[in-house]
Amino acid sequence: MSRLPLSLLLFGLFTLSAATPPLPLITGLQACQGLPEQQRFWAENGANYRLQSGPETITVIGRQTWGARPPLPAGRSWQAYPQDAAFCPQIQRVTVHHTHSEYTARSLQQRHQTQADPKADIGYHFLIDSEGQIYEGRPLGIIGSHSEKDNRGNIGIALSGDFQEQPPTRAQTETLRKLVMALRCPCSDWDGVWTHRSRKQLQFPDAPEHHTLCPGDVLAAEVETLAKNLDLTPKSKEISKNAPKS
Ligand SMILES: [Zn+2]
């Protein structure tokens, strides 16, 4: 009499675990030496993965999951970071953007690949939607294409929406905080969390035509507060004139 319920229970446990396999936790961002796990950062069509963020983990929805098309061969800006060294020491900062309109990862890819002077792919490394979900824009191991002539060592994060007058959702800013914590490498000399506008003001102090409102007044103020709370207020006083164009 007890056999049937037990077998049903075992079947239930099996199907439950089969339906929700644990996502891989990529530890390469916390490592100062190369690790096999960080190979995920160069995958063009990768599955979901997790990153450690303080005491918890956060999930990144991989390009394979959201149905990314391949990078556009004729598009610009698709250059990999060296793969023969630990990844995180190659990163110095995060730059935060907004997308002006609401985008899914797929519609953002469509825009970047079909705009005038098309990019090879989404210029940002991550897109955070209004529900606080993180989508992989381009793999971390590919240099970004989100801040003109200022992309090397610079991770691009975009929040979906227009935050010039409206605030992002609480879920978006909370996810941004967790993602920045996850990306901060313990062995690199970070110069902080930037907004697109603060990078351009630094880069082109005397050329307002290069300036931008991105990521909007409201989000810019929130990013400044976030950087302060995480002790990641930007340190750079100037951008190297010899920085490689990428
Ligand atoms: Zn921007």
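My aim in this report is to walk through the structure given alongside it, one point at a time. (Residues numbered from 1 in each chain as written. Predicted model: local features only at pLDDT ≥ 70, side-chain atom pairs only at ≥ 80, totals over all residues.)

## Observations concerning the overall build of the chain
Logical step 1: In terms of regular secondary structure, the chain is built from six helices and seven strands.
Logical step 2: Starting at the N terminus and walking to the C terminus, you meet the elements of the chain as α-β-β-α-β-α-β-β-β-α-β-α-α.
Logical step 3: When the 246 residues of the chain are sorted by exposure, 37% land in the buried category.
Logical step 4: Residue pairs in contact within the chain that sit at least 24 positions apart in sequence constitute 70% of those at least 6 positions apart. (Helix = DSSP H or I, 4+ residues; strand = E, 2+ residues; numbered from the N terminus. Buried ≥ 20, exposed ≤ 12 C-beta atoms within 10 Å, placed from the backbone. Contact = placed C-beta atoms within 7 Å.)

## Let's talk about unusual backbone geometry
Logical step 1: Residue Pro 215 is reached from Cys 214 by a cis peptide bond, and omega for that bond is 10°.
Logical step 2: In this model, Asp 117 sits at a positive phi of 55°, which is unusual for a non-glycine residue.
Logical step 3: Following the sequence through the fold, Asp 117 ends up in the loop between α3 (105–114) and β4 (126–128).
Logical step 4: Backbone geometry at Asp 231 places phi at a positive 60°, although glycine is not the residue there.
Logical step 5: One can find Asp 231 in the segment after α6 (217–229).

## Details of helix α5 (residues 196–203)
Logical step 1: Taken together, the buried positions of α5 are His 196, Arg 197, Ser 198, Arg 199 and Lys 200.
Logical step 2: Buried residues in α5 make contact with β3 (93–98), β7 (192–195) and α6.

## What to know about the nonpolar core
Logical step 1: Grouped together as the largest cluster of nonpolar side chains are 40 residues, with contacts concentrated most on Leu 29, Val 94, Phe 126, Leu 127, Ile 157, Leu 179 and Val 193.
Logical step 2: Top element by residues in this core is helix α4 (residues 170–183). It accounts for five residues.
Logical step 3: Those residues within four positions of Phe 126 in sequence are excluded, and the remaining contacts are Ile 134, Tyr 135, Glu 136, Gly 137, Ile 157 and Leu 179. (Core = buried A, V, L, I, M, F, W, Y, C linked by C-beta atoms within 7 Å.)

## Focus: the sheet that holds β4
Logical step 1: The sheet built from seven strands is open, its strands ordered β1-β2-β5-β4-β6-β3-β7 with mixed pairing. Of all the strands in the sheet, the pair left with one neighbour each is β1 (49–53) and β7. The average angle at which neighbouring strand axes cross in this sheet is 30°, direction not considered.
Logical step 2: In terms of strand pairing, β3 meets strand β6 (residues 154–159) through six bridges, oriented parallel. Bridging from a neighbouring strand, His 98 pairs with Leu 159 of β6.
Logical step 3: Of the strands in this sheet, β3 and β7 touch α5, which is tilted by about 90° from β7. (Pairing = 2+ DSSP bridges. Axes fitted to C-alpha atoms, helices over the stretch in contact; angles between N-to-C directions.)

## Some thoughts on α3
Each full turn of the α-helix corresponds to 3.6 residues, which orients residues three or four apart in the same direction.
Logical step 1: For α3, the set of buried residues is Ala 105, Leu 108, Gln 109 and His 112. Projected down its long axis, α3 shows its buried positions confined to an angular sector of 100°, all on one face.
Logical step 2: In this structure, the buried side of α3 is in contact with α2 (63–66), β4 and β5 (134–136). (Arc of directions from axis to C-beta.)

## Digging into the environment of Glu 165
Logical step 1: If you trace the backbone, Glu 165 turns up in the loop between β6 and α4.
Logical step 2: Between the C-alpha atoms of Glu 165 and Leu 219, which are 54 residues apart in sequence, the distance is 8.9 Å.

## Some points on the environment of Gln 172
Logical step 1: Relative to the helices and strands, Gln 172 resides in helix α4.
Logical step 2: Note on Gln 172: 23 C-beta atoms within 10 Å, which makes it buried.
Logical step 3: Here the alpha-carbon distance between Gln 172 and Glu 131, two residues 41 residues apart in the chain, equals 6.4 Å.
Logical step 4: Setting aside residues up to four positions removed in sequence, Gln 172 forms contacts with Ile 128, Ser 130, Gly 132 and Leu 159.

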